[in-house]
2 protein chains.
Amino acid sequence: MTYCIGVSLDAGLVLTSDSRTNAGIDNVSTYSKMHRCITNQDRCLVIMSAGNLATTQGVIQQVRRDIQEGKPHNINTMGYLADVADYLGEILVNLIRKHTETTGFVPDATLILGGQIRGRDPNIYMVYPQGNYITTSEETPYLQIGESKYGKPVLDRFLTRSTSLEDAAICSLISMDSTMKSNASVGPPIEVLIYQRDHFDSPRHYKFEAEDPYLISIRHEWANHLNNAFRAMPRLESHAHPNGSLHIF
Amino acid sequence: MTYCIGVSLDAGLVLTSDSRTNAGIDNVSTYSKMHRCITNQDRCLVIMSAGNLATTQGVIQQVRRDIQEGKPHNINTMGYLADVADYLGEILVNLIRKHTETTGFVPDATLILGGQIRGRDPNIYMVYPQGNYITTSEETPYLQIGESKYGKPVLDRFLTRSTSLEDAAICSLISMDSTMKSNASVGPPIEVLIYQRDHFDSPRHYKFEAEDPYLISIRHEWANHLNNAFRAMPRLESHAHPNGSLHIF
């Protein structure tokens, strides 16, 4: 399994990914799921991936080849981020179809594309295995792929368009930590990429191993604060009253 | 969809359920999913249900009939809670099989049974659509059915066997509230049943409508405390350092 979060803010983008892959429960490896493309100076493009590892590696390989071979239609020639999403969708569909047709096995994968092309706003797209894609909205500034449910409440609680890049990174780390606590198939190292709007060259990339002091301090501080919050909740027996309306049969 | 939590503690049991049912996204109704059986004085038995409404109503109906008709094998004659779980599993499998055989449609349902029979410990069982069942452990004192992922981190964080009944109820309400925030198919009224060990006659039952002042105070207090916790997290930029190891292709 996998867990990746992409957040699109007024200030820029925050991308977060885990690094655990597994083929069955007894074949667990570590692979980075965050890939930054070497591009022209006018753009910064990052891809995160969830799903079949062969498919996601195949997508990255194809993107790289199209650049190297100077294909007219490659990620450096496109004028819109949505065109890049569409292009990734085509590669994805073709790769999945190839293996589905020959073996019946459907090696699904889902991507998050984050980035900016000069003259346009930074943005995030999620590309489905069917090749179509969605972006964020004013109300929902983030997209998730992989094991998304455990870590969703904390994102819903804190993220808005005006959240700072650093706050969004901390929120994503808390979301990731809750997910790792509940699902053994999501694991470190955790990568965080912070992209400041219009700073094409210099996204800040952090990589947190399992025992990273900052990751541990976030985990402990969050646990302590939640523990105190829990102790401070209004007591049920002083504020609510039992009633007799339980369905008895 | 549905969300129900059963917690088994040294002090007794806490059962929590939502009340939203839907057949497709445009056919939403309100049904209680918590059913207390009329039983002999030597036992207290409560069933919560998730899944196909016809199936869960069919199970309850059959349990009631077997008591009314004085069948030798009914929930009042069984000496162990596990036997009740086994019996519910048989009813469930037969109901599901009947409809699967005639129509091909599989009306799955899953149950949580909580209760106590005099002379034995109180306990919780989850009964699968296949008829088999599991119980809690020392390390994992709770079971969930329905939309379980959004609300799992908070249960993992706070519940142990020695948690008080009231704390477990508050924790379950927070878990339910996080789930309602993230999933529109889980909704009020929220029912909470608190069963104190060896008090067969007097479980306390609470029913919280959407606008219940206590439910709202839990929601607001939790949100405020989490907001403060979030503001107090150690800052990324003061404690962690970017590195250049991002996979660039």
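Residue numbering note: each chain is counted from 1, following its sequence as written. Each chain gets a letter, beginning with A, and each ligand a number, beginning with 1, in the order they are written. Given that this is a predicted model, residues contribute local features only at a pLDDT of at least 70 and side-chain atom pairs are listed and counted only at 80 or more, while totals for whole chains, interfaces and linings are drawn from all residues. Hydrogens are left out, water is left out, and the side-chain values use all remaining heavy atoms of the structure.

For chain A, an unreviewed UniProt entry supplies the name 20S proteasome A and B subunits and the organism Thiothrix nivea.

## Here's the deal with the interface of chain A and chain B
Throughout, a contact is declared for two residues whenever any of their heavy atoms are within 4.5 Å. The interface is formed by 65 residues belonging to chain A together with 64 residues belonging to chain B. Here the buried area means the combined drop in accessible surface, using a 1.4 Å probe, for two parts upon being joined, counting both sides. For the pair chain A and chain B, the summed buried area comes to about 6,600 Å², and 65% of that belongs to carbon and sulfur atoms. In the sections that follow, a salt bridge refers to a side-chain nitrogen of Lys or Arg positioned within 4 Å of a carboxyl oxygen of Asp or Glu. Where chain A meets chain B, there are ten salt bridges. Of the charged contacts, one joins K149(A) and E147(B) as a salt bridge, the two residues approaching to 3.0 Å between their closest N and O atoms. Polar contacts, as counted here, are pairs of nitrogen or oxygen atoms within 3.5 Å of one another; within protein the pair requires one atom able to donate a hydrogen and one able to accept it, and residues that are adjacent in sequence qualify only if both atoms are side-chain atoms. If you look at where chain A meets chain B, you find 22 residue pairs in polar contact (both at pLDDT 80 or more). Helix and strand assignments come from DSSP, with helices taken as H or I runs of at least 4 residues and strands as E runs of at least 2, each series counted from the N terminus. Looking at the side of chain A that touches chain B element by element, the count peaks at twelve residues for helix 5 (residues 213-231) of chain A.

## What to know about the side chain of T179(A)
All names here are of chain A. One can find T179 in helix 4 (residues 165-182). Looking at T179, its side chain comes within polar contact range of the main-chain nitrogen of G151, at 3.5 Å. Within the structure, T179 has its side chain in polar contact with the backbone oxygen of S175 (distance 2.8 Å). Beyond its immediate chain neighbours, meaning those up to four positions away, T179 contacts Y3, E147, Y150, G151 and V186.

## Details of the relation of the copies chain A and chain B
Alignment of copies: least-squares fit on C-alpha atoms of residues with pLDDT of at least 70 in both copies. Of the two same-sequence chains, chain A is brought onto chain B (RMSD 0.0 Å, axial shift 0.0 Å) by a rotation of 180 degrees. Such a combination of turn and shift is consistent with a two-fold rotation axis. Measuring from the rotation axis to each C-alpha of chain A, the shortest distance belongs to Y150(A), at 2.3 Å. The overlap is high: 98% of the interface residues of chain A also sit at the interface in chain B, so the same surface is used on both sides.

## Description of the packing of aromatic side chains
Within 6.5 Å between ring centres, the rings of Phe, Tyr and Trp (the latter by its six-membered ring) count as paired, and their orientation is classed by plane angle as stacked under 30 degrees, edge-to-face over 60, tilted in between. Per the counting criterion, the structure on display carries twelve aromatic pairs over all chains. The interplanar angle of 80 degrees and the centroid separation of 6.3 Å between the aromatic rings of F158(B) and W222(B) together place this pair among those described as edge-to-face. Within this pair, whereas F158(B) is found in helix 3 (residues 152-158), its partner W222(B) is found in helix 5 (residues 213-231), the two being separated by 64 residues in sequence. On the numbers, 6.5 Å between centres and 55 degrees between planes, the contact of Y195(B) with F200(B) is tilted. Summarising the burial analysis for this pair, Y195(B) and F200(B) share the class buried. Taken together, the ring pairs connect F158(A), W222(A) and F230(B) into an aromatic cluster. Above the face of the Y80(B) ring, R120(B) is positioned so that its terminal group lies 3.9 Å from the ring centre. Relative accessibility thresholds used throughout: buried, under 20% of the residue-type maximum; exposed, over 50%; partly exposed, between the two (1.4 Å probe, protein chains only). Put simply, a charge is over a ring when the Lys NZ or the Arg CZ is close to the ring centre, within 6 Å, and near the line of the ring normal, within 35 degrees.

## So, the pattern of salt bridges
Summed over all chains, the structure comprises 26 salt bridges over all chains. In this structure, D167(A) engages R235(B) in a salt bridge whose closest nitrogen and oxygen atoms are separated by 2.9 Å. Of this pair, D167(A) sits in helix 4 while R235(B) sits in the loop between helix 5 and helix 6 (236-239), each in a different chain. When its relative accessible area of 11% is taken as the criterion, D167(A) is described as buried. We note a salt bridge from D18(B) to K33(B), for which the minimum N-O separation is 2.8 Å. Placement of D18(B) in the loop between strand 2 (12-17) and strand 3 (20-22) and of K33(B) in the loop between strand 4 (28-30) and strand 5 (34-36) is noted, with a sequence separation of 15 residues between them. Each of the two residues, D18(B) as well as K33(B), counts as buried. It is possible to trace a salt-bridge network through shared partners that takes in E166(A), D167(A), R231(B) and R235(B).

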